[in-house]
Amino acid sequence: MSVDRASWQVKDEATLVELVELMKLTDADAKLLGALGAEAQAHGPALTKQFYERLFAHSNTAEYLQGVSMDRLHSMVQEWFVGLFGGTYDTEYAHRRLVIGQIHVRIGLPVRYPLAMLDVVMPFGELIARTSPSPDAAVSAFRKVLALDVAIFNQSYEDNQLRHLAELVGGERLARRLLTGA
C-alpha cells in the first residue's frame, strides 16, 4: 500500500525554510562561525589547491574542468567555502547554495563527485573551527552548516530528477510513488 508523505508537499521556498530549520542552527552557532570568516579566507587558497588537485587527478572529474577558467573556479570554490563561515544561514543563504547545486545538475556532474569532495572540505573547516575560543561548539556548528549545504545540493538533484520523471509519467505524485517503489 502506498503512502503519501507530508514531506512531499514541501516545495520550492518551503523546502529551503524546512532545511534551515531542520539543522537547528542557533544564533550562537552563527556567531561562532561568523567570527572565523577571516580565518576561512586565509585557508581558502590551500583548500582550493587541494580540491582541484584531487579533481584533476581523477579522469572522470577532470573532464568537467576542461576549457573552464581555473581562476574562476578557484574563486567560486573559495567563495563557497568562506561562505560556510559567513555567520548568516537563512533562506537567502540556502538559495545561493541551491544555485550551486543547480549548476552541478546543469553540467551533468554526478552527485557522487561533490559529495566525495567533502573529504577535502571537512578537515579544512574543522581546522578553522578549532581556532575558535569555543572549538568544540564551533566544530559542531561547522558540521551543521556543511550538512545543510549537502542537503541543499542533494535537493537540486532530487528536484531535477522528480521534475523530469513527473513530465514523463504525467504527474509528481505518480513520479514519487514510482521512485519509492510503491
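What comes next concerns the included structure.

Calculation notes
- For every chain, the first residue of its written sequence is number 1, and the numbers climb from 1 along that sequence.
- With pLDDT at 70 or above as the cut-off, local features in this predicted model cover only qualifying residues; side-chain atom pairs require 80 or more to be listed or tallied, and sums for whole chains, interfaces and linings still use all residues.
- Here the side-chain values reflect all heavy atoms present in the structure, with hydrogen atoms and water set aside.
- Secondary structure follows DSSP: runs of H or I at least 4 residues long count as helices, runs of E at least 2 residues long count as strands, and numbering of each begins at the N terminus.
- When accessible area is computed with a 1.4 Å probe and restricted to protein chains, residues below 20% of their type maximum are described as buried, those above 50% as exposed, and intermediate ones as partly exposed.
- Any two residues whose heavy atoms approach within 4.5 Å at even a single point are treated as in contact.
- Neither His nor the chain ends is counted toward charge; the positive residues are Lys and Arg and the negative residues Asp and Glu.
- To locate a charge, take NZ of a lysine, CZ of an arginine, CG of an aspartate or CD of a glutamate.
- Just to be clear on terms, a salt bridge is a Lys or Arg side-chain nitrogen sitting within 4 Å of an Asp or Glu carboxyl oxygen.
- Only buried Ala, Val, Leu, Ile, Met, Phe, Trp, Tyr and Cys residues count toward a nonpolar core, and they belong to the same one when joined by side-chain atoms within 4.5 Å.
- Residues enter patches when their relative accessible area tops 30% and they take part in no salt bridge; the joining distance is 9 Å for like charges and 5 Å for the nonpolar side chains Val, Leu, Ile, Met, Phe, Trp and Tyr.
- Calculation of accessible area relied on Shrake-Rupley with a 1.4 Å probe; when residues are assessed, cover is drawn exclusively from the protein chains displayed.
- All axes are obtained by fitting lines to C-alpha atoms, using only the stretch in contact for helices, and the reported angles, taken between N-to-C directions, cover 0 to 180 degrees.
- Orientation labels follow simple angle bins: below 35 degrees gives roughly parallel, above 145 gives roughly antiparallel, 65 to 115 gives roughly perpendicular, and whatever is left gives oblique.
- In a left-handed crossing the near helix is turned counterclockwise from the far helix by less than a right angle, and in a right-handed crossing that turn is clockwise.
- The residue classification treats Ala, Val, Leu, Ile, Met, Phe, Trp, Tyr, Cys and Pro as nonpolar and Asp, Glu, Lys and Arg as charged. All others, Gly included, are polar.
- Here is the rule: rings of Phe, Tyr and Trp (six-membered ring for Trp) pair when centre to centre is within 6.5 Å. Planes less than 30 degrees apart are stacked, more than 60 are edge-to-face, and the remainder are tilted.

## Looking at the overall build of the protein chain
For step 1, the next point in the chain: Looking only at helices and strands, one finds ten helices and zero strands in the protein chain.
For step 2, the next point in the chain: Dimensions of the protein chain, computed from the C-alpha atoms along their principal axes, are close to 50 × 40 × 25 Å.
For step 3, the next point in the chain: Counting all 182 residues of the protein chain, 41% fall into the buried class.
For step 4, the next point in the chain: Put simply, of all contacts in the protein chain between residues at least 6 apart along the chain, 76% involve residues at least 24 apart.
For step 5, the next point in the chain: Both charge centroids of the protein chain, one from 18 positive and one from 22 negative side chains, sit 4 Å from each other.

## A word on the pattern of salt bridges
For step 1, the next point in the chain: Taken as a whole, this structure holds seven salt bridges when the rule is applied.
For step 2, the next point in the chain: The partner of Arg143 in a salt bridge is Glu126, and the shortest N-O contact between them spans 2.8 Å. Residue Arg143 is located in helix α9 (residues 135-169), and its partner Glu126 is located in helix α8 (residues 118-129); the two are separated by 17 residues in the primary sequence.
For step 3, the next point in the chain: Using a relative accessible area of 18% as the deciding quantity, one classes Glu126 as buried.

## A short note on the nonpolar core
For step 1, the next point in the chain: Counting 42 residues, the largest nonpolar core has Phe51, Phe81, Leu84, Phe85, Val121, Phe142 and Leu148 as the members making the most contacts within it.
For step 2, the next point in the chain: Taken together, the elements giving at least two residues each to this core come down to α1 (13-22), α2 (27-34), α3 (37-57), α5 (70-83), α6 (91-106), α8 and α9.
For step 3, the next point in the chain: It is α9 that contributes the most residues to this core, ten residues altogether.
For step 4, the next point in the chain: Those residues within four positions of Phe85 in sequence are excluded, and the remaining contacts are Leu33, Gly34, Leu36, Gly37, Ala40, Gly125, Ile128, Ala129 and Phe142.

## A short note on a nonpolar patch on the surface
For step 1, the next point in the chain: A cluster of nonpolar residues, Val99, Ile103 and Ile107, forms a patch on the protein surface that exposes about 230 Å² of accessible area.
For step 2, the next point in the chain: Examined against the element boundaries, Ile103 turns out to sit in helix α6.
For step 3, the next point in the chain: For Ile103, a relative accessible area of 32% translates into the label partly exposed.

## With respect to the packing of α3 against α5
For step 1, the next point in the chain: Closest axis-to-axis distance for the α3/α5 pair is 8 Å, and the angle between their directions is 130 degrees. Taken as axis vectors, α3 and α5 run oblique relative to one another. Remark: the crossing between α3 and α5 carries right-handed chirality. Contact residues: α3 offers Gly37, Ala40, Gln41, Gly44, Pro45, Leu47, Thr48, Lys49, Phe51, Tyr52 and Phe56, while α5 offers Met70, Leu73, His74, Val77, Gln78, Phe81 and Val82.
For step 2, the next point in the chain: Class assignment of the residues belonging to the contact of α3 with α5 gives a composition of eleven nonpolar, six polar and one charged.

## Looking at the packing of aromatic side chains
For step 1, the next point in the chain: Counted by the stated rule, this structure contains five aromatic pairs.
For step 2, the next point in the chain: Residues Phe85 and Phe142 carry aromatic rings whose centres are separated by 5.5 Å and whose planes lie at 10 degrees to one another, so their mutual orientation is stacked. Here Phe85 is found in the loop between α5 and α6, whereas its partner Phe142 is found in helix α9, with 57 residues between them in sequence. Of the two residues, Phe85 and Phe142, neither departs from the other in class, the shared state being buried.
For step 3, the next point in the chain: By way of ring pairs, the aromatic residues Phe81, Phe85 and Phe142 are connected into one cluster.

## What about the packing of α3 against α8?
Describing two packed helices takes the angle between their axes plus the distance from one axis to the other.
For step 1, the next point in the chain: Packing of α3 against α8 brings their axes to within 10 Å, and their N-to-C directions diverge by 160 degrees. With respect to α8, the element α3 is oriented roughly antiparallel. Here α3 runs over α8; the crossing is right-handed. Seen from α3, the contacting residues are Glu39, Ala40, His43, Ala46, Leu47, Gln50, Phe51 and Arg54; seen from α8, they are Asp119, Val120, Val121, Phe124, Leu127 and Ile128.

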